[in-house]
Amino acid sequence: MSTPKAPPRLSPKEALVLDLLAHHGDLYGLQLVAASKGHLKRGTVYVTLGRMEDKGYVTSRAEVAPDGAGGLPRRLYEATPYGLRVLKAWSLMLQHLSPEHAR
Amino acid sequence: MTIDHPVRRLLARVCSDATLARIVDPTLADMRVESNRPAWLGYLALVRALAAHGVMSLPDRASRVWRDDDRAMPRLAALSLTAAFVTALPFVLMPMLGPARMALVGPIDGMIPRSARTAEMFLLLLPQAMALTLPAALLVGVPIALRGRSITPRIRRRGIALLVLFAIATGIVIDRIMPTTNQTYRVLVSGQPVPRGPNETAFAGLRRQIAALKGFHGSDEHVRFLEYRIHLRMALIAAPLPLGLLALALTGTRFGRRRPWLVAVVGLAGYLLMLFPLDLAARTLIQRTALPPALLAWFPMIVIALLALTIQRRASTAASAACA
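Residues numbered from 1 in each chain as written. Chains lettered and ligands numbered in written order. Predicted model: local features only at pLDDT ≥ 70, side-chain atom pairs only at ≥ 80, totals over all residues. Heavy atoms only, no water.

**Student:** Looking at this model, I keep getting lost on the overall build of chain A. Mind explaining?
**Tutor:** Summing up its helical and strand segments, chain A has 4 helices and 3 strands in all. Mapped from its N terminus to its C terminus, chain A presents α and β elements in the order α-β-α-α-β-β-α. Across the 103 residues that make up chain A, the buried fraction comes to 42%. Across chain A, contacts joining residues at least 24 apart in sequence account for 55% of those joining residues at least 6 apart. (Helix = DSSP H or I, 4+ residues; strand = E, 2+ residues; numbered from the N terminus. Buried < 20%, exposed > 50% of the residue type's maximum accessible area, 1.4 Å probe, protein only. Contact = heavy atoms within 4.5 Å.)

**Student:** Can you walk me through the confidence of the model for chain B in this structure?
**Tutor:** As a note on interpretation, predicted positions should not be read in detail where pLDDT is low. Mean pLDDT for chain B: 86, with 93% of residues reaching 70 or above. Scoring of the predicted complex yields 0.72 for pTM and 0.81 for ipTM. (pLDDT = per-residue confidence, 0-100.)

**Student:** I keep staring at a nonpolar patch on the surface and nothing clicks. Help me out?
**Tutor:** Residue and element names in this part refer to chain B. A grouping of Ile160, Val164, Leu165, Ile168, Ile172 and Ile177 is seen on the molecular surface, where their side chains present a nonpolar patch of about 480 Å² in accessible area. With respect to the helices and strands, valine 164 occurs in helix H7 (residues 153-190). Relative accessible area serves as the criterion here: at 37%, valine 164 is assigned to the partly exposed category. (Patch = residues over 30% accessible without salt bridge, like charges linked within 9 Å, V, L, I, M, F, W, Y side chains within 5 Å. Areas by Shrake-Rupley, 256 points an atom, 1.4 Å probe, with all protein chains shown as cover. Salt bridge = Lys/Arg side-chain N within 4 Å of Asp/Glu carboxyl O.)

**Student:** Help me understand the environment of phenylalanine 216 of chain B, please; the structure alone is not making it clear to me.
**Tutor:** Residues and elements named next belong to chain B. With respect to the helices and strands, phenylalanine 216 occurs in the loop between helix H8 (203-213) and helix H9 (220-238). By relative accessible area, phenylalanine 216 is classed as exposed at 57%. Along the sequence, phenylalanine 216 and glycine 191 sit 25 residues apart, while their C-alpha atoms lie 33 Å from each other.

**Student:** What should I look at first to understand the pattern of salt bridges in this one?
**Tutor:** Proximity of charged atoms lets side chains of opposite charge pair with each other. All names here are of chain B. Here the structure, examined in full by the defined rule, presents 17 salt bridges over all chains. Two residues, aspartate 175 and arginine 176, come together in a salt bridge whose shortest N-O distance is 3.6 Å. Since its relative accessible area comes to 14%, aspartate 175 is described here as buried. One salt-bridge network, held together by shared partners, links Asp68, Asp69, Arg154 and Arg158.

**Student:** I'm lost on empty space enclosed by the protein in this one. Help?
**Tutor:** Scanning all chains against the criterion turns up 1 cavity of 30 Å³ or more. Taken as a whole, the largest cavity holds about 30 Å³ of empty space. Around the largest cavity, the lining residues are Leu30, Arg42, Val45 and Tyr46 of chain A together with Thr27, Asp30 and Ala45 of chain B. Elements supplying a minimum of two residues to the lining of the largest cavity: helix H3 (45-55) of chain A together with helix H2 (17-33) of chain B. Split into classes, the residues belonging to the lining of the largest cavity amount to 4 nonpolar, 1 polar and 2 charged. (1 Å grid on protein atoms, 1.4 Å probe; cavity = no way out; pocket = protein on both sides within 12 Å on 5 of 7 lines; lining within 4 Å. Points joined across faces, edges and corners; volume = space filled by probe spheres on them. Nonpolar A, V, L, I, M, F, W, Y, C, P; charged D, E, K, R; others polar.)

**Student:** What's the story with the interface of chain B and chain A in this structure? I'm lost.
**Tutor:** A common way to state how big an interface is: give the accessible area lost once the parts meet. Across the contact, 26 residues belong to chain B and 21 residues belong to chain A. The junction of chain B with chain A conceals about 2000 Å² of combined surface from both sides, 62% of it contributed by carbon and sulfur atoms. Applying the counting rule to chain B against chain A returns 3 salt bridges. The partner of glutamate 53 of chain A in a salt bridge is arginine 22 of chain B, and the shortest N-O contact between them spans 3.8 Å. There are 6 residue pairs in polar contact (both at pLDDT 80 or more) connecting chain B and chain A. Those elements that place two or more of their residues in the side of chain B that touches chain A are H2 and helix H3 (39-56) of chain B. The element that contributes the greatest number of residues to the side of chain B that touches chain A is H2 of chain B, accounting for 11 residues. (Buried area = accessible area lost by both parts, 1.4 Å probe. Polar contact = N/O pair within 3.5 Å; in protein donor to acceptor, adjacent residues only side chain to side chain.)

**Student:** Explain the packing of helix H6 (residues 138-145) of chain B against helix H12 (residues 260-288) of chain B to me, please; I cannot follow it from the model alone.
**Tutor:** Residues and elements named next belong to chain B. For the pair H6 and H12, interaxial distance at closest approach is 8 Å and the crossing angle is 170 degrees. Looking at the two axes, H6 sits roughly antiparallel to H12. Each of Leu139, Val140, Pro143 and Ile144 in H6 lies in contact with H12, whose residues at this interface are Pro260, Trp261, Val263, Ala264, Gly267, Leu268 and Tyr271. Here the contact of H6 with H12 is built from residues that sort into 10 nonpolar, 1 polar and no charged. (Axes fitted to C-alpha atoms, helices over the stretch in contact; angles between N-to-C directions. Parallel < 35°, antiparallel > 145°, perpendicular 65-115°, else oblique.)

**Student:** For this particular structure, what's the right way to read the nonpolar core?
**Tutor:** Grouped burial of nonpolar side chains is what soluble globular proteins tend to show. Residue and element names in this part refer to chain B. Grouped together as the largest cluster of nonpolar side chains are 62 residues, with contacts concentrated most on Leu76, Val92, Val142, Leu146 and Tyr271. The element contributing the most residues to this core is helix H5 (residues 118-136), with 11 residues. Apart from the residues lying within four places of it in its own chain, the contact partners of valine 92 are Phe122, Leu125, Leu126 and Ala129. (Core = buried A, V, L, I, M, F, W, Y, C linked by side-chain atoms within 4.5 Å.)

**Student:** Where do I start with the packing of H7 of chain B against helix H10 (residues 240-252) of chain B in this structure?
**Tutor:** Between two packed helices, what matters for the description is the angle formed by their axes and the separation of those axes. Residue and element names in this part refer to chain B. Running from N to C, H7 and H10 cross one another at 150 degrees; their axes reach a closest spacing of 9 Å. One way to sum up the angle between H7 and H10 is to call them roughly antiparallel. Crossing angle aside, the handedness with which H7 passes H10 is right-handed. Mapping the contact onto sequence places Arg156, Ile160, Leu163, Val164, Phe166, Ala167 and Thr170 in H7 and Pro240, Leu241, Gly244, Leu245 and Leu248 in H10. In terms of residue class, the contact of H7 with H10 is built from 9 nonpolar, 2 polar and 1 charged. (Left-handed = near helix turned anticlockwise from the far one by under 90°.)

**Student:** Looking at this structure, I do not really get the pairing of strand S3 (residues 75-79) of chain A. What am I missing?
**Tutor:** The two faces of the sheet receive side chains in turn, since in a regular strand these alternate between them. Residue and element names in this part refer to chain A. Where strand S1 (residues 27-28) lies against S3, 2 bridges are found, and the strand directions are antiparallel. Directly across from leucine 27, in S3, lies its bridge partner tyrosine 77. Pairing geometry for strand S2 (residues 58-62) and S3, over 5 bridges, is antiparallel. The residue bridging alanine 62 from the neighbouring strand is arginine 75, located in S3. (Pairing = 2+ DSSP bridges.)

Encoded structure:
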């Protein structure tokens, strides 16, 4: 008998990122920090986003800059359909188990 | 757009491609966008991001170090610790033959009192023996744990990290545990309070003794001897690095891959047999010559490190020639 796979988990920060991406569409890291109203920090937002990419909750792509623009390209983050499904399921679960924590 | 940035160039030497793409590049890109904010705030955010990433990825990294290369690193650590303990046994048991004889034929003048328990004696004598055998055991652990395996840059990198951990462990034994256990043993043997000798004094105490003695006429030889003891201890603490590098270099050679046990036994016996005559010779030279005590104490480790680098360089040259 095979071992059942553990259900996906979502930390409060990951849920916030998915929620913001679901409502605002594609966002840069700094835009996520600004939209979170202090819940996400500049120093840790990319660590959270990197972990979420590993889990398949978000994808990212380098920005397309105009010709001749210098410097490093920013990364634009987008919630994956899987990430949005996890967010929905997670919100439902919280709603059923602890209504005061549901969004 | 260009991805060239001086900080990125520097971090590219130590960070993985994934860390560069996910943490470093976006943070540096944000600094370009926020040109009205002071640059140091951006660098501060980068340092915090890298620190957070380092902490978060620690369990994953530890599990990779545990699993990779057929668990070579845990095997290396376990074999080296076992070898250190087994090699320490003769050093511990030799002085303990006294109590064993006492049990059979009664107390011997000036020997260990009847009240000394075997387990207690064993625990008191073990740290001094382990201070010698912890570094030496790497000459056994490395060739046996990595036998038949080519020494990749990853194995070398992780092996060196393990050598640093062994050096830290040796340092704790030599400076924190050994002075106390040695002194307790001496008091137990003599049955009365005994003044601490150099082996029963920590670094700070030895330095205080040197500072106090330096003003007295005729104390030069004793000061030189104490300085030698300090440097010898520091050399023993650092010993896992040259010894481990020598073991890694030997294991990477064709002979090392074919005869790991021979390399282990000859390496360990050679090092331990060399250590005591060299110490004796160094003490004689301190009395009879003006050679610096630091040089005499560090000389064996310098020779071993040079030997390791030479073997390593030859093995690399041979490997490059074989590839060409």
